[in-house]
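Understanding the architecture of this molecule
Here's the letter readout for the chains.
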Amino acid sequence: MRIAISTGGGDAPGLNAVIRAAVLSAIGRGWEVIGIRKGFSGLLGEDQCVTLTRESVRGIAHLGGTILRTTNRGNPFHYPIRQPDGSFIEIDRSAELFENARTLGLDAVITIGGDGTLAIAQRLHECGMKIVGVPKTIDNDVSGTITSFGFDTAVNTALEAIDKLHTTAESHDRVIVLEVMGRHAGFIALHSGLAGTADVILIPEIPYDIRKVCEKITERDRSGRHFSIVVVAEGAFPRGGHESVIGGSLPGEAKRVGGVADTIAREIQAITSKETRSLVLGHLQRGGQPTGYDRLLATRFGGAAVRAIEDRRWGHMVALQSPHIVTIPIAQALSDAKRVDPNHDTVLTARATGISFGD
Ligand code: F6P
């Protein structure tokens, strides 16, 4: 048996722990393992495929990033090709990918990625590839699994920032607006904001009204709390408005959102006259050592992915449905976008403890 592993989309703390567990579980069964570098691009001649041995995965479980590297522009069905004039066209290179997989003698593939990568995996499965998925998302926006590795680390990184911002905001009687990741889902903002006792949390699932945000800040000011912490997901948008998009994205790439914290900070200062600063936490949330929770979950996912291959569960992904790791069809996970439920207990408790959602 010869299997391959690839990591696609944005990186997330815990990818290396998945790779390590999958490689060791496969080698323990007497299988060979090939690492496809840079998403699926390694199967398209862009980068290489490498043999993964026990030595290749030694000492990597605690490291952020991915030893296989990754890309969010490697969709083989819409592969971006640069033209001599600098423009891009997209071509379907899936036949080439299948041919190269055959030449390498691959019996099965484990792909680790978010909704974009899993959608590619689903198409490859429909075209006949024996593929198993592992959900990866710091945003916690993949359905069918209670959570994925990377999310807990990202929340803790945001939490550390909120704790630090509290002390400086209080010292200066300032409002500080912290922008965290979360293009479509506000889980990082909600969890870090509630755990970090923010005063306002703004998420894409609950469009905000800037006047309500300012009411909360002014009310705190009047009661002697002269500082406020606002945590905003990058994809949050005002009622009747739209998300803030940063310039253009590269061909084949999703549009880049961001800049909402700066806009909100300017509005708060203009309306409340309180000195307001903003900060974008950005890719700090994607880097660094995975937390113990993420390392364990990633390791469990890696082992479960190999068992899924053994059980020939093609087109399935591993998922956490506590206390068990199960497998579900990738198509099922893709059929439903996972978002914060505004009636979830986390939101209700946040409201009950005085946090405003700007609505
Ligand atoms: O999907 C994960 C994510 O972290 C989003 O929250 C964020 O918008 C995006 O990745 C950033 O991606 P990139 O690194 O390509 O700018």
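Residues numbered from 1 in each chain as written. Predicted model: local features only at pLDDT ≥ 70, side-chain atom pairs only at ≥ 80, totals over all residues. Heavy atoms only, no water.

Here we come to the packing of aromatic side chains. Evaluation of the coordinates by the stated rule reveals two aromatic pairs. Directly above the aromatic system of Tyr79 lies the positively charged group of Arg93, at a separation of 4.7 Å from the ring centroid. (Phe/Tyr/Trp six-rings, centres within 6.5 Å; stacked < 30°, edge-to-face > 60°. Lys NZ or Arg CZ within 6 Å of the ring centre and 35° of its normal.)

Attention now goes to unusual backbone geometry. Omega for the peptide link from Ser322 to Pro323 comes to 5°, which places this bond in the cis form. With respect to the element layout, Pro323 can be found in the loop between strand E12 (316-321) and strand E13 (324-329). One non-glycine residue, Arg312, lies in the positive phi region at around 55°. Within the fold, Arg312 resides in the loop between helix H8 (292-310) and E12. In this structure Arg312 comes out as exposed when scored by relative accessible area, which is 52%. (Helix = DSSP H or I, 4+ residues; strand = E, 2+ residues; numbered from the N terminus. Buried < 20%, exposed > 50% of the residue type's maximum accessible area, 1.4 Å probe, protein only.)

Every residue lining the ligand is accounted for by Asn72, Ile138, Asp139, Met181, Gly182, Arg183, Glu234, His283 and Arg286. At 2.8 Å, a side-chain N or O of Asp139 approaches an oxygen atom of the ligand. At a separation of 2.5 Å, an oxygen atom of the ligand approaches a polar side-chain atom of Glu234. The fraction of the free accessible surface of the ligand (400 Å²) that becomes covered by protein chains is 80%. Taken together, the residues of the shell around the ligand break down into two nonpolar, three polar and four charged. (Near = heavy atom within 4 Å. Polar contact = N/O pair within 3.5 Å; in protein donor to acceptor, adjacent residues only side chain to side chain. Areas by Shrake-Rupley, 256 points an atom, 1.4 Å probe, with all protein chains shown as cover. Nonpolar A, V, L, I, M, F, W, Y, C, P; charged D, E, K, R; others polar.)

So, on to the environment of Pro290. Structurally, the position occupied by Pro290 is in the loop between strand E11 (276-280) and H8. Aside from chain neighbours lying at most four places away, what touches Pro290 is Pro13, Gly14, Ala61, His62, Leu63, Gly64, Thr153 and Arg295. (Contact = heavy atoms within 4.5 Å.)

A separate point is the confidence of the model for the protein. Note that predicted coordinates carrying low pLDDT should not be read in detail. This prediction gives the protein a mean pLDDT of 96; 99% of its residues lie at or above 70. Element-level mean pLDDT values for the protein span from 90 in strand E4 (residues 79-82) up to 99 in strand E9 (residues 200-202). (pLDDT = per-residue confidence, 0-100.)

Here the focus is the sheet that holds E9. With parallel pairing, four strands are arranged side by side in an open sheet as E9-E10-E8-E11. Two strands lie at the open edges of the sheet, namely E9 and E11, each paired on one side alone. The average undirected angle you get between the axes of adjacent strands in this sheet is 15°. Packed onto the sheet, helix H7 (residues 260-272) meets strand E8 (175-180), E9, strand E10 (228-233) and E11 and runs at close to 175° relative to E11. (Pairing = 2+ DSSP bridges. Axes fitted to C-alpha atoms, helices over the stretch in contact; angles between N-to-C directions.)

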